[in-house]
Amino acid sequence: MKYYIYLISLVFMSFGLFSCGTKKEENNTSENIQVQDSPQKDADIQRYNLEEKKKNTPARTPGDTIAIMEYVFNNYPEGTYLINFDKTLTYNIPQPALIYYNQGGNNYVFAVIARSRPTERLIETKNIIGYDQSYIDLDSTKLGTAFFYLCLYQYTNDQITSIWEAPVPSHGGFNRISLQRWSYNGTPYIDITFHYAQGVGHIDYNYFLVNGLTAFPHLLMTYKGINFQRTIANVNNDKYPDYLEYLYIDTGEKVIARDSIPFVWSVKDSLYINTRNRKQTRPY
């Protein structure tokens, strides 16, 4: 009797081992390839979503969001996306990062796009938008590295033309885009705000249209956090914005503003120069 019980147990154990081995093999052969690792699959999904948006949007206008998305899809490398504003509330409907602008009867649109680094997996826009996503700079390659650009397009009916695109020196934590005017002389500029969770603050990349709308913009970076700040200023009365760099004393219990140092833009050197120490320069 004991022999038969032993034999039956052995049979069930063998069956279990066989089943586990077969299941593992099946899982290996049927494992799905992630979209971020397959540019072709990503392109198919983007194409499908565009067609669905067209079907569900009967009232179209020239240069609308769908037209810009389609232009980006058709004219940029794989893994490039028009991105959305950061959601201020959990259930907000995401809004595309676009600003429409009319000048002299011509229609323009500013757009923020993000490209994937060719040698890495494709980015996911959910990983580069929002406060927590500003930490991606610490380990961006695991989720793919995003390269942001501010682009200016002109559109006439269904025809879209790219005027310029300016790189944005950040990889994650996008918040919003807005049109501002410099209080000194009224020069318009595009303010692109990124969260900076490491410093409990934000960084602003300000693209000044100092030579007109269609000329490549001038970049000035400003920021504000617990113990750091840089603000736009007019120091030498020319058309280029300058800035004030604030110095703080952080005792651990309180933060005290100690000084502010002016930096001016040197057209000759294409650099911002510390007015108190000309050896200290900044590119933007």
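Residues numbered from 1 in each chain as written. Predicted model: local features only at pLDDT ≥ 70, side-chain atom pairs only at ≥ 80, totals over all residues. Heavy atoms only, no water.

Caption draft 1: Focus on helix 2 (residues 39-55). Under the 1.5 Å per step criterion, the end-to-end length of helix 2 is 24 Å for 17 residues, consistent within 8% with the ideal 24 Å. By the burial criterion, the buried members of helix 2 are D42, A43, Q46 and L50. Viewed along the axis of helix 2, the buried residues span an arc of 100 degrees, placing them on a single side of the element. Across from the buried face of helix 2, at angles greater than 90 degrees, the exposed residues are Q40, Y48 and K55. Here the buried face of helix 2 lies against helix 3 (65-75) and strand 1 (80-82). (Helix = DSSP H or I, 4+ residues; strand = E, 2+ residues; numbered from the N terminus. Expected span 1.5 Å × (residues − 1). Buried < 20%, exposed > 50% of the residue type's maximum accessible area, 1.4 Å probe, protein only. Arc of directions from axis to C-beta. Contact = heavy atoms within 4.5 Å.)

Caption draft 2: Spatial organisation of the side chain of R230. Tracing the backbone through its elements, the reader meets R230 in strand 10 (residues 229-233). Of note is the side chain of R230, whose polar atom sits 3.4 Å from the side chain of Y243. Within the local environment of R230, its side chain forms a polar contact with the side chain of E245, the two groups lying 3.0 Å apart. (Polar contact = N/O pair within 3.5 Å; in protein donor to acceptor, adjacent residues only side chain to side chain.)

Caption draft 3: Quick look at the sheet that holds strand 9 (residues 218-224). In space, the 9 strands of this open sheet follow the order 6-7-8-9-10-11-12-13-14, with antiparallel pairing throughout. Each of the sheet's edge strands pairs with one partner strand only, and the pair in question is strand 6 (174-181) and strand 14 (281-282). Two elements, strand 9 and strand 10, share 2 bridges in a ladder whose sense is antiparallel. Within the sheet, the bridge partner assigned to K224 lies in strand 10 and is Q229. (Pairing = 2+ DSSP bridges.)

Caption draft 4: Spatial organisation of the nonpolar core. Judged by nonpolar contacts, the single largest core of 35 residues is most densely connected at F110, F148, L150 and I192. Sequence-distant contacts of L150, that is, excluding residues within four places in its chain, are made with F110, A111, V112, W164, E165, A166, V168, I177, I190, I192 and Y207. V109, A111, I113 and Y155 belong to the second-largest nonpolar core, a separate cluster that totals 15 residues. (Core = buried A, V, L, I, M, F, W, Y, C linked by side-chain atoms within 4.5 Å.)

Caption draft 5: Geometry of the packing of aromatic side chains. Taken as a whole, this structure holds 19 aromatic pairs when the rule is applied. Considering the side-chain rings of Y71 and Y76, the 6.4 Å spacing of their centres and the 75 degrees angle between planes classify their relative orientation as edge-to-face. Relative to F228, the ring of Y196 lies with its centre 5.9 Å away and its plane at 80 degrees, an arrangement referred to as edge-to-face. Separated by 32 residues along the polypeptide, Y196 in strand 7 (residues 188-196) and F228 in the loop between strand 9 and strand 10 bring together distant segments of the chain. An aromatic cluster of at least three residues, connected via ring pairs, comprises Y240, Y243, F263, W265 and Y272. Cation over ring: R115 sits above Y149, and NZ or CZ is 4.5 Å from the ring centre. (Phe/Tyr/Trp six-rings, centres within 6.5 Å; stacked < 30°, edge-to-face > 60°. Lys NZ or Arg CZ within 6 Å of the ring centre and 35° of its normal.)

Caption draft 6: Just the pattern of salt bridges, in detail. One pass over the structure, following the stated rule, counts 11 salt bridges. In this structure, R60 and D64 form a salt bridge, with 2.5 Å as the shortest nitrogen-oxygen distance. Given a relative accessible area of 11%, D64 falls into the buried group. For R115, the salt bridge goes to E165, with nearest N and O atoms at 2.6 Å. (Salt bridge = Lys/Arg side-chain N within 4 Å of Asp/Glu carboxyl O.)

Caption draft 7: Geometry of the pairing of strand 3 (residues 106-116). Most of strand 3 is tucked away, with 9 of its 11 residues classed as buried. As judged from the 3 bridges shared by strand 1 and strand 3, these two strands associate in the antiparallel manner. The residue bridging L82 from the neighbouring strand is I113, located in strand 3. Here 6 bridges tie strand 2 (residues 98-103) to strand 3, and the two strands are oriented antiparallel to one another. Paired with Y101 across the bridge in strand 3 is Y108. Counted along the chain from strand 2 to the antiparallel partner strand 3, the turn is 2 residues long, and its residue G104 has a positive phi close to 60 degrees.

Caption draft 8: Geometry of the pairing of strand 6. Across 7 bridges, the pairing between strand 6 and strand 7 is antiparallel. Note that in strand 7 the partner of R181 across the bridge is P188. What sits between the antiparallel neighbours strand 6 and strand 7 is a turn of 6 residues, in which G186 has the positive phi angle 80 degrees.

Caption draft 9: Summary view of a nonpolar patch on the surface. A cluster of nonpolar side chains, Y131, V200, I226 and V255, forms an exposed patch at the surface whose accessible area comes to about 330 Å². Inspection of the secondary structure puts I226 in the loop between strand 9 and strand 10. (Patch = residues over 30% accessible without salt bridge, like charges linked within 9 Å, V, L, I, M, F, W, Y side chains within 5 Å. Areas by Shrake-Rupley, 256 points an atom, 1.4 Å probe, with all protein chains shown as cover.)

Caption draft 10: Just the side chain of Q46, in detail. Relative to the helices and strands, Q46 is located in helix 2. With a relative accessible area of 19%, Q46 lands in the buried category. Beyond its immediate chain neighbours, meaning those up to four positions away, Q46 contacts F73, T80 and Y81.

Caption draft 11: Inspection of the environment of L50 at higher detail. Here L50 lies in helix 2. The exposure class of L50 is buried, given its relative accessible area of 7%. Separated by 16 residues in sequence, L50 and I66 place their C-alpha atoms 7.1 Å apart. Excluding residues that lie within four positions of it along the chain, L50 makes contacts with I66, M69, E70 and F73.

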